[in-house]
Amino acid sequence: MRYKRPDRKNALSILQAAERDMKFTLSLPVTEESSATIIRNIYESFRMLGDALLTEKGIESEDHITPIKELLTLKVNTTRPLSILDNMRRLRHNINYYGYKPRPEEAENALAISQALFEPLVEHIKKRLR
């Protein structure tokens, strides 16, 4: 981790980018071919939420674990546990670095996770950045 100047404006920009990316990803049809992209994009949108929090604190992350851990510290009421994001991180890692080909059911699960967690996290982070 590297410390830098806290930047609320940049944090808000990262948050907005995560929202745009998630909106696009949710518009993709789930197929054998699109499953990896959907899972990667959903995970990346969550990671960006964590990056927004870290940026607001003045912390620059050098890995994917720190932003996800930052999300896990939030006290947000959701229908699924936030800890499931770490499972998504591992799945994305397997896709990117070991050539794992996810099934459409796994993409559907990632979509269900995003529907349960993304908006509550976005709203919580928006309040924090105001």
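Just so it is clear, the model here is predicted, and its values are computed rather than measured. Position numbers for residues start from 1 in each chain and track the written sequence from start to end. Restriction of local features to residues with pLDDT of at least 70 applies here, the model being predicted, together with a cutoff of 80 or more for giving and counting side-chain atom pairs; totals for whole chains, interfaces and linings are based on all residues. Neither water nor hydrogens contribute to the side-chain values; these are computed over all heavy atoms in the structure.

Visitor: Describe the nonpolar core, with residues and values.
Guide: For our purposes a nonpolar core is just a set of buried Ala, Val, Leu, Ile, Met, Phe, Trp, Tyr and Cys residues, chained together by side-chain atoms within 4.5 Å. Here's how the labels work: a residue is buried when its accessible area is under 20% of the maximum for its type, exposed when over 50%, partly exposed in between, all with a 1.4 Å probe on protein chains only. Within the largest apolar cluster, 37 residues are counted, with the highest numbers of intra-cluster contacts made by F46, L49, L71, L117 and L121. Where this core is concerned, the elements lending two or more residues are α1 (8–26), α2 (35–57), α3 (65–72), α4 (84–98) and α5 (104–129). The element that contributes the greatest number of residues to this core is α5, accounting for 11 residues. Not counting residues within four places of it along the chain, the set of residues in contact with L49 comprises L15, A18, L71, F118, L121, V122 and I125. Think of it this way: any DSSP run of H or I at least four residues long counts as a helix, any run of E at least two long counts as a strand, and we number them from the N terminus. Two residues qualify as a contact provided that any one of their heavy atoms is within 4.5 Å of a heavy atom in the partner residue.

Visitor: With reference to specific residues and values, describe α2.
Guide: Residue pairs three or four apart in sequence face the same way in an α-helix, which turns once every 3.6 residues. Any helix carries an expected span of 1.5 Å times its number of residues minus one. Its 23 residues give α2 an end-to-end C-alpha distance of 34 Å, which sits within 8% of 33 Å, the value for a rise of 1.5 Å per residue. For α2, a buried count of 18 out of 23 residues is recorded, marking the element as mostly surrounded by other parts of the structure.

Visitor: Let's hear about the pattern of salt bridges: which residues, and what values?
Guide: Salt bridge, as applied in this entry: a Lys or Arg side-chain nitrogen positioned within 4 Å of an Asp or Glu carboxyl oxygen. Under the definition given, this model contains 11 salt bridges. When the shortest N-O distance is used, the salt bridge between R47 and E44 registers 2.3 Å. Residue R47 and its partner E44 are both found in helix α2; the two are separated by 3 residues, about one turn of the helix. The exposure class assigned to R47 is buried, which follows from its relative accessible area of 12%. Judged by its relative accessible area of 26%, E44 is partly exposed. As a salt-bridge pair, K57 and E70 come within 2.5 Å of each other at their nearest N and O atoms. With a gap of 13 residues between them, K57 in helix α2 and E70 in helix α3 connect regions that are remote in the sequence. Take K57: its relative accessible area is 38%, and that puts it in the partly exposed class. Taken together, the salt bridges that share partners define one network made up of R8, E56 and R128.

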